[in-house]
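Next come the chains, spelled out residue by residue.
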Amino acid sequence: MSKTEFKAESKRLLDLMIHSIYTHKEIFLRELISNASDALDKRYYIALSDENTEFDKSDFYIYIDIDKDARTLTLSDTGIGMSKEEMESNLGTIAKSGSFAFKKDNAPKDGVDIIGQFGVGFYSAFMVSDLVTVRSRVHGSEECYEWESSGSDGYSIKKIDNALNGTQVILTLKQDTEDENYSEYLQEYRIKQIVKKYSDFIKYPIQIEVTKKRLIEGSDKDYEDYTEEETLNSMVPIWRKNKNELSDEDYDRFYQDKHFGFDKPIKHIHVNVDGAVSYTALLYIPQSAPYDFYTKEYEKGLELYTNGVLIMQKCADLLPDHFSFVQGLVDSADLSLNISRELLQHDRQLKHIAKRIQDKVKSELLSLQTSDREAYEKFFESFGRQLKYGVYADWGAHKDILVDLLLFVSSFEKKKTTLAEYVGRMPEDQKYIYYATGENIDKIAKLPQAEAVADKGYEILYFTDDIDEFAIKILEKYSEKEFRSVSSGDIGFENDTAKEAEDDDKTLIEFVKETLKDSVKDVKLSARLKSHPVCLSVDGALSIEMEKVLANMPGNPGAKAEKVLELNPEHALYGTLKAYFNSDKSKCEKLSKVLYNQALLIEGLAVSDPVAYANDIYSLLV
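Keep in mind that what you see is a predicted model, and the values were worked out from it rather than measured.

In a beta sheet, neighbouring strands are held together by backbone hydrogen bonds and run either parallel or antiparallel to one another. Taken in spatial order, the 8 strands make up an open sheet running E5-E4-E3-E6-E2-E1-E7-E8, and their pairing is mixed. A single partner strand is all that each edge strand has here, and the edge strands are strand E5 (155-160) and strand E8 (223-231). Within this sheet the neighbouring strands show an average axis-to-axis angle of 20 degrees, counted without direction. Where strand E7 (residues 206-215) and E8 come together, 9 bridges link them in antiparallel fashion. Bridging from a neighbouring strand, Ile 208 pairs with Glu 230 of E8. Contacting strand E3 (129-137), strand E4 (144-149) and E5, helix H3 (residues 84-91) runs over the sheet at an angle of about 25 degrees to E4. The strands touched by helix H5 (residues 188-198) within the sheet are strand E1 (62-67), strand E2 (72-77), E7 and E8, with E7 carrying the most contacts at an inclination of about 140 degrees.

In low-pLDDT regions, the fine details of the predicted coordinates are not to be read closely. On average, residues of the protein score 89 in pLDDT, and 91% of them are at 70 or above. Taken as a whole, residues 114-118 scores under 50 in pLDDT and shows 29 contacts with residues more than four places along the chain or in a different chain.

What follows deals with the layout of surface pockets. Approximately 1100 Å³ is the volume found for the largest pocket. Tyr 389, Asp 465, Asp 466, Ile 467 and Val 549 are the residues nearest the centre of the largest pocket, which is lined by 44 residues in total. Those elements that place two or more of their residues in the lining of the largest pocket are helix H8 (373-392), helix H11 (441-445), helix H13 (468-475) and helix H16 (544-551). Of the residues contributing to the lining of the largest pocket, the split by class is 18 nonpolar, 12 polar and 14 charged.

The topology assignment puts Ser 592 in helix H18 (residues 585-602). A polar contact is formed between the side chain of Ser 592 and the backbone oxygen of Cys 588, at a distance of 2.8 Å. Residue contacts for Ser 592: discarding those within four places in its chain leaves Val 512, Thr 515, Leu 516 and Leu 577.

Turning to the nonpolar core, a few remarks are in order. Proteins that are soluble and globular tend to have nonpolar side chains buried together. By size, the foremost hydrophobic cluster in this structure holds 134 residues, and its most contacted members are Trp 147, Phe 325, Phe 379, Leu 387 and Tyr 434. In terms of residue count, the dominant contributor to this core is helix H2 (residues 27-49) (8 residues). One finds Ile 509, Val 523, Tyr 596 and Tyr 613 within the second-largest nonpolar core, a separate group that totals 31 residues.

Inspection of every chain in the model, using the stated rule, returns 31 aromatic pairs. Taken together, a centroid distance of 5.2 Å and an interplanar angle of 65 degrees make the contact between Phe 325 and Phe 379 edge-to-face. In this pair, Phe 325 is assigned in the loop between strand E12 (309-315) and strand E13 (327-331) and Phe 379 in helix H8, connecting sequence segments 54 residues apart. For Phe 325, a relative accessible area of 1% gives the class buried. Measuring from centroid to centroid gives 5.4 Å for Tyr 376 and Phe 379, while their planes differ by 50 degrees, and the two rings are tilted. Placement of the pair is Tyr 376 and Phe 379 together in helix H8, with a separation of 3 residues, close to one helical turn. Take Tyr 376: its relative accessible area is 0%, and that puts it in the buried class. In textbook terms, an aromatic cluster arises when at least three aromatic residues are bridged by ring pairs, as seen for Phe 293, Tyr 294, Tyr 298, Phe 323, Phe 325, Tyr 376, Phe 379, Phe 380 and Phe 383. If you follow Arg 214 out to its NZ or CZ, it ends over the ring of Tyr 226, 4.4 Å from the centre. Taking NZ or CZ as reference, Arg 484 lies 3.9 Å from the ring centre of Tyr 432, over its face.

Cut-offs applied
- Residues numbered from 1 in each chain as written.
- Predicted model: local features only at pLDDT ≥ 70, side-chain atom pairs only at ≥ 80, totals over all residues.
- Heavy atoms only, no water.
- Pairing = 2+ DSSP bridges.
- Helix = DSSP H or I, 4+ residues; strand = E, 2+ residues; numbered from the N terminus.
- Axes fitted to C-alpha atoms, helices over the stretch in contact; angles between N-to-C directions.
- Contact = heavy atoms within 4.5 Å.
- pLDDT = per-residue confidence, 0-100.
- 1 Å grid on protein atoms, 1.4 Å probe; cavity = no way out; pocket = protein on both sides within 12 Å on 5 of 7 lines; lining within 4 Å.
- Points joined across faces, edges and corners; volume = space filled by probe spheres on them.
- Nonpolar A, V, L, I, M, F, W, Y, C, P; charged D, E, K, R; others polar.
- Polar contact = N/O pair within 3.5 Å; in protein donor to acceptor, adjacent residues only side chain to side chain.
- Core = buried A, V, L, I, M, F, W, Y, C linked by side-chain atoms within 4.5 Å.
- Buried < 20%, exposed > 50% of the residue type's maximum accessible area, 1.4 Å probe, protein only.
- Phe/Tyr/Trp six-rings, centres within 6.5 Å; stacked < 30°, edge-to-face > 60°.
- Lys NZ or Arg CZ within 6 Å of the ring centre and 35° of its normal.

Following this line, the structure appears as structure tokens:
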């Protein structure tokens, strides 16, 4: 039988289809199943439109058959079928979509929405096949036709005797090569994997005949093979069900089944949105972070479906980085997909959905914060660091979105608090939101710099994460209250005694400053110290804790905080320093260095010359 050439520059287009458009060869099965689903939708639509037509839903299905000996994989459906003219039009012209034309001419009915739009998915079969045979009979017709092609050399159509209902696509698979294993598509387990991955929520049953073993009757060790039909797909996605039909257990089970996590989610979010872009989203807030969450290897993103067909396993664009812990999926029929369905043609629709998801996640987290504080604090223990990174990232572009989600341990009852709660407890005379940084809460609570602030009755936020202070620097203020470190050069109140002593002891202070000129920017008498003799403060935006963080980063730029040594004029050691200054400048110099090194140790910084430090102490003690 003579062959007919493909239309629409078929050879070049088909070659592009086979080698360039699709990322993974397994996609061919998703495309063929989607076409079969469209054919079933068309038949179902027509049946619904005709009041005189009676039909049984059990007659609507997709069947997969494997013949390893013949190396064929066959997909059959009981859909609308194709006439000879439709075969010529839809299969003979690449990029002509019968589904698109049907969808354009018919309004949606009873949830029926046709998937196909480009008319190219069928040709993905040539990625794995040497020969593709299509047999089809229009529903209600007595004529059956066979379309056959081995690729870009063209196709043939002939009339055949066949009693099938709908369409049958027979793929004769290519032989295996060193690089490609086409035989994998003749394995039941592999077909099951692909169907489960991409087509689990096609609304018609996808069936296959599987081989199983059973004990031979009367035997305790001999087995025989038998075959059994098995439905591979779930059909009705949970997110398309009515919320009032679902329990928390249903949502949790789906979370586990989809391997979104092995824990129990803290919260699920199920939304249906109609508007410029309509979509359904089922989102989960996990309880604990995956082992690789804070590494470069972690891949964020939501599963993206269109009409129940998986398009992308991890659509990163649906989630901002600060909410990368969110698991779940989005299903929308309104997205503009490219020819392979693997990428989006325009990001406007996606950005719209992503913005709505971000707002919804924030709203639900704030609700959890007030309704179940224990659960929220558990969530924050796992993912609070990511929220803080979000505040700091992109020069603070997202800080207004995230600020009210933050928690910090406070000196008030040593419990976690929001910034709103902190500000709500501030005395009227308190000008700043005070914070202190350190390795852990116990060490921060003992910092000399915190004494005067605590003595005033002001609450202090304890920063123990290395990102905390960077995030706060980006925030700058909250509710018109500036953030101020207890180690800042200006803590907002003065000590008259220190000011008077500094005026009297200018020459001593200048001597100490000259002694330590290579280590500190300035020396002054302290307004913040009570019981401790000495501490370090900073002059400038870079704090001592920030210096530590930067020092541990690759390619450390060598940034240093501008340190100020503060002396407590009411401490006995200051009296000793004054006495040495008047009687023994050498000992005054040594004591100045000892006090500076003590301040370093309090901050958790290394003494640059431990031997010299020990010798100075020994000399002073003797």
